[in-house]
Amino acid sequence: MPEIAEVARITHFLRQHLVGKNISKVVAADDSNVFGKVGTTGTEFQKAVTGKKVVSAGSQGKYFWIILDSPPHPVMHFGMTGWIHIRSEQTGYTRYIEKTKNDKEEWPPRFWKFQLETDSTPKVEVAFTDARRFGRVRLVDCPGDAIRQHSPLKENGPDPVVDKDVFTEDYLKQKMRQRHVPIKALLLDQAMISGIGNWVGDEIMYHARLHPEQYSDSFSDEDMTKLFKSIMYVCDTAVGHLGDSDKFPEDWLFNHRWGKGKKDAATALPTGEKIVFITVGGRTSCVVPSVQKKTGKATLPDTKEEREALDDDTESKYFDEKPATKSTKAKKAIKKEEKEEQLPAPKPARPAKRKAVKEESENDEVAAKKDAKKTQKGSTTEAEAVNGSGTRTKKIKPEAKPLDPMPDLGRRRSGRLRAKDA
């Protein structure tokens, strides 16, 4: 998303090419998002701007505008992918719509929302484009010198570059102490400061050596002063170079932060410090954990990515706890096993159907009856039988038929034979 530096760049080009010229022709698309969501239409914009003279151009944070010789005045916001093109001029740079000299210029450019041209010689042709349609173009009906006292500009905080008399160190400290939110979220709040977006906010936090997740009201006065100086340094430098990243200092995080998710992308600074990406306030933040440390009492826990980056850095002393050794891991595994052994045994599964339960009980009853019969017959014992000659026969089971031809004979204790019926 274009931020304070990119908007300052476009404002520079509008002042250079449009101010003092009359707009002779305007064509605007009837886009219900870009125009409609801020209370106007492409047709109304076209009528309001055609035939007017451009008196000046200005910006506040992520908003910019052109002042005409009579109201209403166009106030614009780029959203995610908006941009201003000027025919035969290179308004884009590096990451924004840069073209080489061999590329043939397409005009009007793709995704245009309005085009205008001047009656000057040579004429100036300007187009506003927005592929994703999150940009906004509105009309503000007020005197030109009072435009910042009207919506949406009056709801936004001071611009660190334009409003140095308002955005002071005391102003920043007061806002930080009044809120209890991660400091990165506070910097992105346009009602507090205008113009700071994702990459500018990360650059500020990196140069201040502060962590974006630390709560705003937990910083010391010294850290707040460091943060204020970093805001002024980063914003002044970026705007001073009109957002041209090729001119940014070599030690800026900006030069190494764009590799997330890309193959063979840099994962560390040239100095060796690891770069990680975390989510703060719903936005992805680029952090160097070995440099940006949490100092306040009220902080969010470190992310897994940060811990891994710091564990890889053998010179880092950020954590009080040492990385886990093999013996420590083994102890944790033993404790886990002991804990699992202490868990209660699982309850037996209930039968799926009542029929299965009934059949199982019937089978048990049948088996019990068979066992009882075997016990009564003495199936597990053996008896001795004697034949008529007084010699022993082989052992037989009681239920088997006797082989003795004289079943009525028996033997006394003395060994003599006797007949039961004699």
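Going by the structure above, here's the rest.
Residues numbered from 1 in each chain as written. Predicted model: local features only at pLDDT ≥ 70, side-chain atom pairs only at ≥ 80, totals over all residues. Heavy atoms only, no water.

Visitor: Can you walk me through the sheet that holds strand S1 (residues 23–28) in this structure?
Guide: Whenever strands of a sheet pair, they do so through backbone hydrogen bonds, lying parallel or antiparallel. The strand order across the open sheet formed by four strands is S1-S6-S7-S5, and the pairing between neighbours is antiparallel. Edge strands, defined here as strands with exactly one partner in the open sheet, are S1 and strand S5 (82–86). Neighbouring strand axes in the sheet, compared pairwise and without regard to direction, differ in orientation by 15 degrees on average. Strand direction decides the pairing type here: S5 and strand S7 (residues 125–130), joined by five bridges, are antiparallel. Note that in S7 the partner of Trp-83 across the bridge is Thr-129. Strands in contact with helix H2 (residues 42–49) are S1 and strand S6 (112–118); relative to S1, the strand with the most contacts, it is inclined by about 180 degrees. (Pairing = 2+ DSSP bridges. Helix = DSSP H or I, 4+ residues; strand = E, 2+ residues; numbered from the N terminus. Axes fitted to C-alpha atoms, helices over the stretch in contact; angles between N-to-C directions. Contact = heavy atoms within 4.5 Å.)

Visitor: Just checking my understanding: could you explain unusual backbone geometry for this structure?
Guide: Following Thr-121, the chain continues into Pro-122 via a peptide bond in cis, with omega recorded as 0 degrees. Along the chain, the position of Pro-122 falls in the loop between S6 and S7. Cis rather than trans, the peptide bond between Ser-151 and Pro-152 has omega equal to 5 degrees. In this fold, Pro-152 is placed in the loop between strand S8 (136–140) and helix H3 (169–178). Phi at Phe-111 is positive, roughly 65 degrees, even though this residue is not glycine. Relative to the helices and strands, Phe-111 is located in the loop between S5 and S6. Take Phe-111: its relative accessible area is 41%, and that puts it in the partly exposed class. Backbone geometry at Arg-133 places phi at a positive 65 degrees, although glycine is not the residue there. (Buried < 20%, exposed > 50% of the residue type's maximum accessible area, 1.4 Å probe, protein only.)

Interpretation in functional terms is not warranted from these geometric data alone.
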